[in-house]
Amino acid sequence: MRLVILDDYELASEWAAKYIRNRIIQFKPSAERYFTLGLPTGSTPFGCYQKLIEYYRSGDLSFKYVKTFNMDEYVGLSRAHPESYHSYMWNNFFKHIDIYPSNAHILDGNAKDLEAECQAYEQKITEAGGIELFVGGIGPDGHIAFNEPGSSLVSRTRVKTLAKDTIVANARFFGNDLSKVPTMSLTVGVGTVMDAKEVMILITGAHKAFALYKAIEEGVNHMWTVSAFQQHPRTIFICDEDATLELRVKTVKYFKEPVRIAIAL
Ligand code: PGA
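Residues numbered from 1 in each chain as written. Predicted model: local features only at pLDDT ≥ 70, side-chain atom pairs only at ≥ 80, totals over all residues. Heavy atoms only, no water.

Draft legend 1. Seen up close, the overall build of the protein chain. If you tally the helices and strands in the protein chain, you get eight helices and ten strands. What you see for the protein chain is a C-alpha radius of gyration of 18 Å, in line with the 18 Å of a compact globule of 265 residues. Expressed as lengths along the three principal axes of its C-alpha atoms, the size of the protein chain is roughly 55 × 45 × 35 Å. Burial analysis of the protein chain (265 residues in total) assigns 54% to the buried set. Taking as baseline every contact in the protein chain between residues at least 6 positions apart, the subset at least 24 positions apart corresponds to 78%. Surface exposure of the protein chain reaches about 12,100 Å², of which carbon and sulfur atoms provide 53%. (Helix = DSSP H or I, 4+ residues; strand = E, 2+ residues; numbered from the N terminus. Rg over C-alpha atoms; globule rule 2.2 N^0.38 Å. Buried < 20%, exposed > 50% of the residue type's maximum accessible area, 1.4 Å probe, protein only. Contact = heavy atoms within 4.5 Å. Areas by Shrake-Rupley, 256 points an atom, 1.4 Å probe, with all protein chains shown as cover.)

Draft legend 2. Structural view of empty space enclosed by the protein. Under the criterion given, the structure shown has one cavity of 30 Å³ or more. Along its surface, the largest cavity is lined by Tyr9, Ala12, Ser13, Thr44, Leu202, Thr204 and Ile238. The element contributing the most residues to the lining of the largest cavity is helix 1 (residues 9-27), with three residues. A breakdown of the residues in the lining of the largest cavity according to their chemical character gives four nonpolar, three polar and no charged. (1 Å grid on protein atoms, 1.4 Å probe; cavity = no way out; pocket = protein on both sides within 12 Å on 5 of 7 lines; lining within 4 Å. Points joined across faces, edges and corners; volume = space filled by probe spheres on them. Nonpolar A, V, L, I, M, F, W, Y, C, P; charged D, E, K, R; others polar.)

Draft legend 3. View of the nonpolar core. Within the largest apolar cluster, 39 residues are counted, with the highest numbers of intra-cluster contacts made by Leu3, Ile201, Ile203, Leu212, Phe229 and Phe237. Contributions of two or more residues to this core are made by strand 1 (2-6), helix 4 (114-127), helix 6 (190-194), strand 9 (198-203), helix 7 (209-216), strand 10 (235-240) and helix 8 (249-264). With residues near it in sequence (within four places) discarded, Leu3 still touches Leu212, Ile216, Phe237, Cys239, Leu247 and Phe255. By size, the runner-up hydrophobic cluster in this structure holds 34 residues, among which are Leu6, Cys48, Ile99 and Ile238. (Core = buried A, V, L, I, M, F, W, Y, C linked by side-chain atoms within 4.5 Å.)

Draft legend 4. A look at helix 7. Among the eight residues of helix 7, seven are classified as buried, and the element is accordingly described as predominantly covered. Among the residues of helix 7, those classed as buried are Ala209, Ala211, Leu212, Tyr213, Lys214, Ala215 and Ile216.

Draft legend 5. A look at the pairing of strand 3 (residues 66-70). For strand 3, the tally of buried residues reaches four of five residues, placing the bulk of the element in the interior. Here strand 2 (residues 35-39) pairs with strand 3 via five bridges, running parallel. Within strand 3, the residue paired with Phe35 across the bridge is Val66. In the classification by handedness, the crossover that spans strand 2, the intervening helix 2 (residues 46-57) and the parallel strand 3 is right-handed. By the bridge criterion, two bridges tie strand 3 to strand 5 (residues 104-105) in an arrangement that is parallel. Its bridge partner lying in strand 5, Phe69 is registered against His105. (Pairing = 2+ DSSP bridges. Right-handed = clockwise from strand over helix to strand, strands pointing away.)

Draft legend 6. Main features of the site of the ligand. By nearness alone, every residue bordering the ligand is listed as Gly42, Ser43, Thr44, Ile138, Gly139, His143, Arg172 and Lys208. At 2.7 Å, a side-chain N or O of Ser43 approaches an oxygen atom of the ligand. Within the side chain of His143, one N or O atom sits 2.9 Å away from an oxygen atom of the ligand. Considered on its own, the ligand offers 290 Å² of accessible surface; in the complex 82% of this is hidden by protein. (Near = heavy atom within 4 Å. Polar contact = N/O pair within 3.5 Å; in protein donor to acceptor, adjacent residues only side chain to side chain.)

Here you go:
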């Protein structure tokens with residue numbers, strides 16, 4: 001596991017975007033060999049998407065041979081609703097880059113048969129050759145995608161009821177009206193993300209500091225589902241200084257040193 005600590009949100013977003021850009025370029029994607037990227041929504045990845053759009057516009061990066069799989073989607077919210085994750089992804093990322101719409105996969109929370117939709121999603125990931133790099137964010141309660149506290153750490157894509165904390169946290173996107181916040185979602189499982197070759201988790205802000213502590217300094221625990229990634233062979237946590245507030249000084253020093261050396265080189 002790596003922990004990369006940057007000074008603030010902007011620098012953390014830029015670091016993450018550069019890492020994703022470099023991984024795609026090094027992979028040399030082609031019509032025969034697509035790069036598969038797992039993606040999150042939320043306020044955390046917004047800055048990273050902005051940077052990736054910049055790299056596309058400056059000609060450094062193309063998404064022509066990239067397939068994306070989003071982590072989750074609300075159940076029962078129309079695709080066109082401004083707070084659907086379809087809207088989020090198209091407005092904040094996909095419409096600004098050269099990805100083919102058919103290569104950008106997002107779970108359909110309005111599917112007639114939600115179970116079948118989840119199974120088909122797993123199948124599509126498998127057919128795409130698995131996920132090369134899964135980028136994720138977490139909630140203050142340590143959930144990854146919508147794998148709320150207590151979720152199985154070997155879970156697959158499925159229908160999930162949202163925890164009260166998540167519904168309350170999401171109310172800000174629905175005019176602070178709790179009755180308007182969807183209470184169910186479709187989400188990839190912890191096991192689905194664990195299958196990716198590499199996982200990058202973005203954690204910024206003091207409100208996520210306790211979750212970062214639980215994620216990396218304590219044991220694997222299904223009440224903090226992000227902690228499962230301690231057991232993934234290639235996980236990078238990218239955070240800002242604020243998110244480190246609950247970590248031991250020793251932990252922060254240990255992980256900061258290599259970054260300083262990398263910047264100096
Ligand atoms: P945020 O959401 O990036 O808006 O904080 C992350 C999450 O709840 O998974």
